[in-house]
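Summary of structural features
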Amino acid sequence: MYKIIDGKKIAATLREKLKDNVLKFRTERGREIGLAVVLVGNNPASQVYVRNKIKACEEVGIKSFAYYLPENTSQSALEELIVGLAADDGVHGILLQLPLPDGLDSAKALKLIPEEKDVDGFSAFNIGNLCLNATASVACTPLGVMKMLEYEGIEVNGKRAVVLGRSNIVGKPMAMLLLNADATVTVCHSKTHNLEEECRRADILVAAVGRAKFVKQEMVKEGAVVIDVGMNRDENGKLCGDVDFENVKDKCSYITPVPGGVGPMTITMLLYNTYCAAVRR
Ligand code: GUN
């Protein structure tokens with residue numbers, strides 16, 4: 001029988017703890033913790049994410065500064081805003097919501113976020129430190145996955161982990177976190193030969209390919225832990241993950257649902273990274 005990992009519940013527990021810590025920080029230091037969130041354009045998914053991030057800040061007592069820039073924002077206007085936030089003492093973290101509208105250079109804009117305010121963990125500095133297993137701000141989604149595994153008492157040490165997807169935001173940092181936790185890690189992607197076979201070897205399978213219901217039961221080992229990072233729409237427009245949940249669940253020991261799995265953890269880790277940035281300052 002499989003167990004569903006309830007990301008909403010785990011996130012709520014962690015946020016309660018975080019709320020206490022934020023309050024302690026504010027009373028002891030007599031100052032707020034600030035997160036700036038920058039959204040450029042009208043991407044509907046990004047609008048939802050940003051709204052949820054701001055709401056989550058309120059919930060734990062982090063002060064949020066939201067900047068909504070129009071679709072036709074110039075690179076220089078965006079960069080000017082980020083440079084200002086970088087110099088602002090009241091801002092401990094800066095989040096530039098991705099993707100940016102066509103024509104804007106996200107790598108160039110992200111480079112202007114100082115590493116100590118990089119609460120997304122996207123900078124070369126933070127990714128480098130993650131690789132070195134040193135103190136780093138770590139990308140929120142993979143960090144959230146690790147916290148879920150930890151919360152459920154799922155051992156990673158010595159396990160065979162397969163990460164499906166090699167994005168800079170999820171796949172690569174996910175693989176590095178699992179490696180740092182002493183798993184034997186394989187990263188699979190669109191050019192991987194014998195993908196099904198590779199996935200079937202996984203004790204822990206993390207799906208982050210961005211394709212609706214991509215993972216089927218032939219790709220899952222009996223008793224595997226299956227973590228679904230996907231956020232897609234199925235043929236009926238219903239929210240679904242990268243894993244075909246109904247098809248796969250009976251083979252799993254643990255599985256995360258979509259929605260209510262990794263998603264709530266991602267935002268919680270953003271709050272956590274912001275708190276850590278304030279403490280480190
Ligand atoms: N777009 C999708 N996921 C993320 C994320 O974790 N951070 C940012 N900044 N943009 C995103």
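Presented here is an overview of the structure given in this document. Bear in mind that the values here come from a model prediction, so they are computed numbers and not experimental data.

1. Structural notes on the side chain of Lys-249
Assignment of secondary structure puts Lys-249 in the loop between helix 9 (245-248) and strand 11 (252-255). Looking at Lys-249, the relative accessible area reads 14%, which means it is buried.

2. Considerations on the packing of helix 6 (residues 140-151) against helix 7 (residues 171-180)
At their nearest, the axes of helix 6 and helix 7 sit 9 Å apart, and the two run at 35° to each other. Regarding helix 6 and helix 7, the two cross each other, and that crossing is right-handed. Here Pro-142, Leu-143, Val-145, Met-146 and Leu-149 of helix 6 lie close against helix 7, whose contacting residues are Pro-173, Met-174, Leu-177 and Leu-178. A class-by-class count of the residues in the contact of helix 6 with helix 7 yields nine nonpolar, no polar and no charged.

3. Points about the environment of Phe-214
Here Phe-214 shows up in the loop between strand 7 (204-207) and strand 8 (224-228). It is 10.0 Å that separates the C-alpha atoms of Phe-214 and Phe-245, two residues lying 31 residues apart in sequence. Ignoring anything within four residues of it in the chain, the contact list for Phe-214 reads Leu-164, Leu-195, Val-209, Met-219, Asp-242 and Val-243.

4. What about the pattern of salt bridges?
What the rule picks out here adds up to ten salt bridges. Among the salt bridges present, the one from Arg-200 reaches Glu-196, with a minimum N-O distance of 3.8 Å. Of this pair, Arg-200 and Glu-196 both sit in helix 8 (residues 195-200), four residues apart, which is roughly one turn of that helix. We note a salt bridge from Asp-244 to Lys-216, for which the minimum N-O separation is 2.7 Å. Taken together, the residues span a long stretch of sequence, with Asp-244 in the loop between strand 10 (239-240) and helix 9 and Lys-216 in the loop between strand 7 and strand 8 at a distance of 28 residues. A residue is classified by how much of its surface remains accessible, and Asp-244, at 15% relative accessible area, is buried. In this structure Lys-216 comes out as partly exposed when scored by relative accessible area, which is 29%.

5. Some words on the side chain of Ser-46
When you line up the elements, Ser-46 lands in helix 2 (residues 44-60). Residue Ser-46 is classed as buried on the basis of its relative accessible area, which comes to 2%. Ignoring any residue separated from it by four or fewer positions in sequence, one finds Ser-46 in contact with Leu-39, Gln-97, Leu-98 and Pro-99.

6. Remarks on the sheet that holds strand 11
Strand order in this open sheet of six strands is 1-11-8-7-5-6, and the pairing throughout is parallel. Two strands lie at the open edges of the sheet, namely strand 1 (3-4) and strand 6 (184-188), each paired on one side alone. Two elements, strand 5 (residues 160-164) and strand 6, share five bridges in a ladder whose sense is parallel. By the bridge assignment for strand 6, Leu-164 is matched with Cys-188.

Procedures and definitions
Residues numbered from 1 in each chain as written. Predicted model: local features only at pLDDT ≥ 70, side-chain atom pairs only at ≥ 80, totals over all residues. Heavy atoms only, no water. Helix = DSSP H or I, 4+ residues; strand = E, 2+ residues; numbered from the N terminus. Buried < 20%, exposed > 50% of the residue type's maximum accessible area, 1.4 Å probe, protein only. Axes fitted to C-alpha atoms, helices over the stretch in contact; angles between N-to-C directions. Left-handed = near helix turned anticlockwise from the far one by under 90°. Contact = heavy atoms within 4.5 Å. Nonpolar A, V, L, I, M, F, W, Y, C, P; charged D, E, K, R; others polar. Salt bridge = Lys/Arg side-chain N within 4 Å of Asp/Glu carboxyl O. Pairing = 2+ DSSP bridges.

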